[in-house]
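# A closer look at the structure
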Amino acid sequence: MTASGATGNSHHSSQHAHAGDRRLPHPVSGGPIVQLPTAFGDFVAQAWTDLVTGAEHLAVSSPNPPQDGKAPLVRLHSECLTGDIFGSYRCDCGEQLAYALEMIHAYGGTLLYLRGQEGRGIGLANKIKAYALQEAGFDTVEANEQLGLPVDARSYNAAAQVLAEMGLHEVRLLSNNPDKQHRLAKAGVKVVEMVPTEVPSRDQNIRYLQTKKDRMEHRLTLDTHVVGARGAAESFPPETFQHEQD
Ligand SMILES: [Zn+2]
């Protein structure tokens, strides 16, 4: 096995690395490709195991390549249990996930669902602790700093390796986060275009989104603010609700 975390000119060859992909030494292992019919349409899915961390990721792809001759759309979606599963409006992860699946189904591409990246890599329990601090008035960045945790602990080395092994060397990245583009480029995947994924902001997540825009350089316009998008009865408590991700 190659040394974990190695970058650059490793002379070790891994059974998982393609010849010429020496910038991508992070070992991953792909499983069988299966059909995955969903509410968003029919996809194919493939599990990928990060052989360094043991994290199990899922690639969900449109069955057909892009018809427009463009590079495939790719969404690197960091696991967010509260947003993805419970539809939490503290963040916009669930809506971004749905939007990305619709886009990928329509135009062709792959969503890589990255597990072990909850709360930008700090874990579920720490994310909920950060929520508590946010309810005390801190913003997303300040809350992590209060906990002594990095604002973004995610690594995209495994993701880049999975994309490379799937043959996705040039992609159109579905994201508002320029940092993802930089990190993927460093890991050897060329982002030929950033495709924005803006979803409507809400009373419950406007401060979170504003923090992403102001302090994390996300490209958001926030001019589509949906006031009380789900009705006043659902605008459950304070407007300080916000958190991480993308
Ligand atoms: Zn989230």
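About the cut-offs
Residues numbered from 1 in each chain as written. Predicted model: local features only at pLDDT ≥ 70, side-chain atom pairs only at ≥ 80, totals over all residues. Heavy atoms only, no water. Helix = DSSP H or I, 4+ residues; strand = E, 2+ residues; numbered from the N terminus. Buried < 20%, exposed > 50% of the residue type's maximum accessible area, 1.4 Å probe, protein only. Contact = heavy atoms within 4.5 Å. Areas by Shrake-Rupley, 256 points an atom, 1.4 Å probe, with all protein chains shown as cover. Expected span 1.5 Å × (residues − 1). Salt bridge = Lys/Arg side-chain N within 4 Å of Asp/Glu carboxyl O. Polar contact = N/O pair within 3.5 Å; in protein donor to acceptor, adjacent residues only side chain to side chain. Phe/Tyr/Trp six-rings, centres within 6.5 Å; stacked < 30°, edge-to-face > 60°. Lys NZ or Arg CZ within 6 Å of the ring centre and 35° of its normal. Core = buried A, V, L, I, M, F, W, Y, C linked by side-chain atoms within 4.5 Å. Patch = residues over 30% accessible without salt bridge, like charges linked within 9 Å, V, L, I, M, F, W, Y side chains within 5 Å. pLDDT = per-residue confidence, 0-100. Pairing = 2+ DSSP bridges. Axes fitted to C-alpha atoms, helices over the stretch in contact; angles between N-to-C directions.

## Observations concerning the overall build of the protein chain
Helix and strand content of the protein chain: eight helices and seven strands. Scored against the burial criterion, the 246 residues of the protein chain give a buried share of 48%. If you take every contact in the protein chain between residues at least 6 apart in sequence, the share linking residues at least 24 apart comes to 65%. For the protein chain, the accessible surface area stands at approximately 11,600 Å², while carbon and sulfur atoms represent 53% of it.

## Considerations on helix α2 (residues 93-107)
The end-to-end C-alpha distance of α2 is 21 Å, a good match for the 21 Å that 15 residues give at a rise of 1.5 Å each. Within α2, burial applies to Cys 93, Glu 95, Gln 96, Leu 97, Ala 100, Leu 101, Met 103 and Ile 104. The positive-phi residue at the C-terminal boundary of α2 is Gly 108, with phi of around 95°.

## Considering the pattern of salt bridges
Summed over all chains, the structure comprises six salt bridges. With a closest N to O distance of 3.8 Å, Arg 115 and Glu 79 form a salt bridge. You can see Arg 115 sitting in the loop between β5 (109-114) and α3 (118-121) and its partner Glu 79 sitting in the loop between β4 (73-78) and α1 (81-85), a full 36 residues away along the chain. Taking the relative accessible area as the measure of exposure, Glu 79 reaches 16% and is therefore buried.

## Overview of the side chain of Gln 46
The topology assignment puts Gln 46 in strand β2 (residues 41-50). A distance of 2.8 Å separates the side chain of Gln 46 from the backbone oxygen of Gly 31, its partner in a polar contact. Here Trp 48 takes part through its side chain, which lies 3.3 Å from a polar atom of the side chain of Gln 46. Setting aside anything within four residues of it in sequence, one finds Gln 46 in contact with Gly 30, Gly 31, Pro 32, Ile 33, His 57, Leu 58, Ala 59 and Met 166.

## So, the packing of aromatic side chains
One pass over the structure, following the stated rule, counts zero aromatic pairs. In this structure, Arg 90 is placed above the aromatic ring of Tyr 131, and the distance from its NZ or CZ to the ring centre is 3.8 Å.

## Side note on the nonpolar core
Membership of the largest hydrophobic core comes to 21 residues, with the highest contact counts inside it found for Val 74, Leu 76, Leu 112, Leu 163, Leu 173 and Leu 184. At the level of secondary structure, the elements contributing two or more residues to this core comprise β4, β5, α6 (157-165), β6 (170-174) and β7 (190-195). Ranked by residue count, the leading element in this core is α6, at five residues. The contacts of Leu 163, once residues within four sequence positions are left out, are Val 74, Leu 76, Leu 112, Leu 168, Leu 184 and Val 189. By size, the runner-up hydrophobic cluster in this structure holds 12 residues, among which are Phe 43, Leu 73, Leu 101 and Ile 104.

## Examining a nonpolar patch on the surface
Taken together, the side chains of Leu 81, Ile 85, Phe 86, Leu 124 and Ile 128 define a hydrophobic patch exposed on the protein surface, amounting to about 480 Å² of accessible area. At the level of elements, α1 and α4 (124-135) are the ones that each hand at least two residues to the nonpolar patch. Relative to the helices and strands, Leu 81 resides in helix α1.

## Quick notes on the confidence of the model for the protein chain
Interpretation of this model should avoid reading the predicted coordinates in detail wherever pLDDT is low. Summing up the model confidence of the protein chain, the mean pLDDT is 79 and the portion of residues at 70 or higher is 74%. Within the protein chain, no element has a lower average pLDDT than helix α8 (residues 206-215), which sits at 70, and none a higher one than strand β3 (residues 56-61), at 98. Within the model, pLDDT remains below 50 along residues 1-22, and this stretch shows 25 contacts once partners closer than five positions in the same chain are excluded.

## What about the sheet that holds strand β1 (residues 28-38)?
In spatial order, the strands read β1-β2-β3-β5-β4-β6-β7; together these seven strands make up an open sheet with mixed pairing. Here the strands that pair on one side only, and so sit at the sheet edges, are β1 and β7. The mean angle between the axes of side-by-side strands here comes to 25°, regardless of whether they run parallel or antiparallel. In this sheet, β7 lies alongside β6 in parallel orientation, the contact comprising five bridges.

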